[in-house]
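Read off the chains here:
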Amino acid sequence: MSKPDVLVAAKFPPYLMDKLRRDFTVHERLHETDPAAFAAVAPKIRAIACGGESKVPRALMEQLPALEMISVQGVGYDGVDVAAALERKVPVSHTPNVLNDDVADLAIALMLAAARRIPQADRYVRENKWPGGPFPLARKMSGARLGIVGLGRIGQAIAQRAAAFGMSIAYTARSQKKDQPYAYYPSAAALAAQVDFLVVITPGGAGTARMINREVLDALGPEGYLVNVARGSVVDQEALIAALQEGRIAGAGLDVFDGEPQVPQALRDLDNVVLTPHIGSATGSTRQAMADLTHANLVAHFAGQPLPSAVPEWQAR
Ligand code: 8YV
């Protein structure tokens, strides 16, 4: 029997590509690199495999009449037009849970890095400035007030870690979570006004676009730090740059950016921000687990079995 044709719409690591090639006929990013070759195979493509930040718009799906399934390697799937997929009864899967620890670890690391100025301190030693005098005093994180924007699985993992640092924990989310012991605020601005560190870990997409705006940043204030491990789209990047430049917030730790992998020069020039290149889930073991789940969802679909991790919209249909 011939293997199902799968369009790979992301740059996947070799171990995932090997597994996909073993079980499927893989067309790697043909839609971006070779439109003529893509047009020739498009009628045969039965599934798309892509990354958390890949774009799978309605227009791409419309070119694929045989499309049956979309498997996203990532917990976030805001680049996929899920409504368009559901209209066609095309299930979408993602890779929740397996990355909770890593993303939560990185959120704590960025809080510490921004407050304790760890990259700057590292540079201080490398540039041999230490003999000239001690490194300037930094900001204490233990015992400070943490606000979490989005108390899903990763938000809860961040809260657990922050509790070990003696931090007080509050959150905002679409609705209050009765099973969670933390203080709830109905908006990001109300939360920001009460905390020292504001960590953003809410899904991307239209519902949260530019939710962290000038008003929220001003509520966080000149002693406050912003950490974003969600999506660049959730933060008004221009407003953030202005707040950092003008000292209206103390600093930021950012793993995601609007327009990434391009990062504005204005952000790269600032000394009160720590920048990482979207590495929230980027450890070997977690990426392996995400790859395995991405593959397992495809295999389950073509075996006629329930998907191990369909997105909530599909489960709720
Ligand atoms: C990855 C992510 O960058 O899970 C997500 O939503 O953003 C990240 O883990 C990406 O999905 C890897 O393909």
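For clarity, every value in this text was computed on a predicted model and none was experimentally measured.

### Thoughts on the overall build of the protein chain
At step 1: The helix and strand inventory of the protein chain stands at 14 helices and 12 strands.
At step 2: Since a compact globule built from 317 residues should have a radius of gyration of about 20 Å, the 21 Å found for the protein chain is in line with a globular shape.
At step 3: When the backbone C-alpha atoms are referred to their principal axes, the protein chain occupies close to 70 × 50 × 30 Å.
At step 4: Evaluated residue by residue, the protein chain yields a buried proportion of 44% over its 317 residues.
At step 5: If you take every contact in the protein chain between residues at least 6 apart in sequence, the share linking residues at least 24 apart comes to 60%.

### Brief notes about helix α11 (residues 237-245)
At step 1: Restricting attention to buried positions, one finds in α11 the residues Q237, L240, A243 and L244. Within α11, the buried residues cover an arc of 120° as seen down the axis, which keeps them to one side.
At step 2: Where α11 is buried, its residues touch α10 (214-220), β10 (225-228), β11 (251-254) and β12 (273-275).
At step 3: Once α11 finishes, G247 follows within two positions and takes phi at roughly 70°, a positive value.

### Quick notes on the pairing of strand β2 (residues 25-28)
For a regular strand, side chains alternate in direction, first toward one face of the sheet and then toward the other.
At step 1: For strand β1 (residues 5-8) and β2, the ladder comprises 4 bridges, and the chain directions are parallel. The partner of L7 across the bridge, within β2, is H27.
At step 2: Taking the sense of rotation as the criterion, the β-α-β connection linking β1, helix α1 (residues 14-23) and β2 turns out right-handed.

### Brief notes about the UniProt feature "domain: D-isomer specific 2-hydroxyacid dehydrogenase catalytic" (unreviewed entry) in the protein chain
At step 1: UniProt annotation of "domain: D-isomer specific 2-hydroxyacid dehydrogenase catalytic" (unreviewed entry) refers to residues 6-311 when read in the numbering used here.
At step 2: With 37% helix and 16% strand, the stretch residues 6-311 has end C-alpha atoms that lie 19 Å from each other.

### A few points about the site of the ligand
At step 1: The immediate surroundings of the ligand are formed by A10, G51, G52, E53, Q73, G74, V75, G76, L99, H278, G280 and S281.
At step 2: Looking at side-chain class alone, the shell around the ligand contains 3 nonpolar, 8 polar and 1 charged residues.

### Quick notes on the UniProt feature "domain: D-isomer specific 2-hydroxyacid dehydrogenase NAD-binding" (unreviewed entry) in the protein chain
At step 1: According to UniProt, the positions carrying the feature "domain: D-isomer specific 2-hydroxyacid dehydrogenase NAD-binding" (unreviewed entry) are residues 108-280.
At step 2: The span residues 108-280 is 32% helical and 16% strand by assignment, and the distance between its end C-alpha atoms comes to 11 Å.

### So, helix α6 (residues 100-116)
At step 1: Taking 1.5 Å per residue, 17 residues should reach 24 Å; α6 reaches 24 Å between its end C-alpha atoms and fits that length.
At step 2: α6 sits mainly inside the fold: 12 of its 17 residues count as buried.
At step 3: Of all the positions in α6, only N100, D102, V103, A104, L106, A107, I108, L110, M111, A113, A114 and A115 are classed as buried.

### Considerations on the nonpolar core
At step 1: Membership of the largest hydrophobic core comes to 97 residues, with the highest contact counts inside it found for A107, M111, I158, V199, V200 and V227.
At step 2: Per element, the largest residue contribution to this core is 10 residues, and it comes from α6.
At step 3: There are two domains that each give this core at least three residues, and those are domain 1 (5-98 + 285-315) and domain 2 (100-275).
At step 4: Not counting the four nearest positions on each side in its chain, I158 is found in contact with A104, A107, I108, I148, V199 and I201.

### Some thoughts on unusual backbone geometry
At step 1: Note the cis peptide between E260 and P261, where omega equals 10°.
At step 2: Summarising the element assignment, P261 is placed in the loop between β11 and α12 (265-268).
At step 3: Despite not being glycine, R29 shows a phi value in the positive range, around 45°.
At step 4: Looking at where R29 falls in the secondary structure, it is placed in the loop between β2 and α2 (30-33).

### Looking at the sheet that holds strand β5 (residues 92-93)
Hydrogen bonds along the backbone pair up the strands of a sheet, which may run parallel or antiparallel.
At step 1: An order of β2-β1-β3-β4-β5 is seen for the 5 strands of this open sheet, with the pairing classed as parallel. Both outer strands of the open sheet, β2 and β5, are each paired with one neighbouring strand and no more.
At step 2: Of the pairings in the sheet, the one linking strand β4 (residues 69-73) to β5 comprises 2 bridges and is parallel in character. In the strand pairing of β5, S71 is matched with S93.
At step 3: Strands in contact with helix α13 (residues 284-302) are β1, β3 (45-51), β4 and β5; relative to β4, the strand with the most contacts, it is inclined by about 170°.

### Regarding the sheet that holds β10
At step 1: Strands sit in the order β8-β7-β6-β9-β10-β11-β12 across an open sheet of 7 strands; the sheet is parallel. Whereas interior strands pair on both sides, the edge strands pair on one side only; in this sheet they are β8 (183-184) and β12.
At step 2: As defined by bridge partners, strand β6 (residues 145-149) adjoins strand β7 (residues 168-172) across 5 bridges and the pair is classed as parallel. Residue pairing in the sheet places L146 in a bridge with I169 of β7.

### Focus: the packing of α1 against α13
Each pair of packed helices gets described by two things: the angle between the helix axes and the distance between those axes.
At step 1: The contact between α1 and α13 brings their axes to 9 Å, and the two run at 15°. Classified by the angle between their axes, α1 and α13 sit roughly parallel to one another. α13 is crossed by α1, and the crossing has right-handed handedness. On the side of α1, the interface is formed by Y15, L16, K19, L20 and D23, while α13 contributes Q288, A291, T294, H295 and V299.
At step 2: Its residues assigned to classes, the contact of α1 with α13 shows 5 nonpolar, 3 polar and 2 charged.

What counts and how
- Every residue gets a number counted from 1 within its own chain, in the order that chain's sequence is written.
- Local features in a predicted model are, by the rule used here, given only for residues with pLDDT of at least 70; side-chain atom pairs are given and counted only at 80 or more, and totals for whole chains, interfaces and linings are based on all residues.
- Strands are runs of DSSP state E lasting at least 2 residues, helices are runs of H or I lasting at least 4, and numbering of each runs from the N terminus.
- As a reference, a globule follows 2.2 Å times the number of residues to the power 0.38, and the radius of gyration itself is taken over C-alpha atoms.
- Whether a residue is buried, exposed or partly exposed is read from the other C-beta atoms within 10 Å of its own C-beta, which are placed from the backbone; 20 or more gives buried, 12 or fewer gives exposed, and intermediate counts give partly exposed.
- In this description, a residue-residue contact is defined by the distance between C-beta atoms placed from the backbone, which must lie within 7 Å.
- Working note: the arc is built from the helix axis to C-beta atom directions.
- In short, DSSP must find at least two bridges between two strands for them to pair.
- If the strands point away from the viewer and the path from the first strand over the helix to the second runs clockwise, then the crossover is right-handed.
- UniProt positions are given in the numbering used here, feature names are shortened, and annotations may be inferred rather than shown by experiment.
- As used in this record, a residue near a molecule or strand is one whose C-beta atom, placed from the backbone, is within 6 Å of it.
- Ten residues, namely Ala, Val, Leu, Ile, Met, Phe, Trp, Tyr, Cys and Pro, are considered nonpolar, four, namely Asp, Glu, Lys and Arg, are considered charged, and the remaining ones, Gly among them, are considered polar.
- Expected span of a helix: the number of residues minus one, times 1.5 Å.
- For this entry, the nonpolar core is defined as buried Ala, Val, Leu, Ile, Met, Phe, Trp, Tyr and Cys residues connected by C-beta atoms within 7 Å.
- Marked domain ranges trace back to an automatic or database domain assignment.
- Here, axes are lines fitted to C-alpha atoms. For helices the fit covers the stretch in contact, and angles between N-to-C directions go from 0 to 180 degrees.
- Just so you know how the angles are binned, under 35 degrees is roughly parallel, over 145 roughly antiparallel, 65 to 115 roughly perpendicular, and the rest oblique.
- For any pair of crossing helices, the crossing counts as left-handed if the nearer helix is rotated counterclockwise from the farther one by less than a right angle, and right-handed if it is rotated clockwise.

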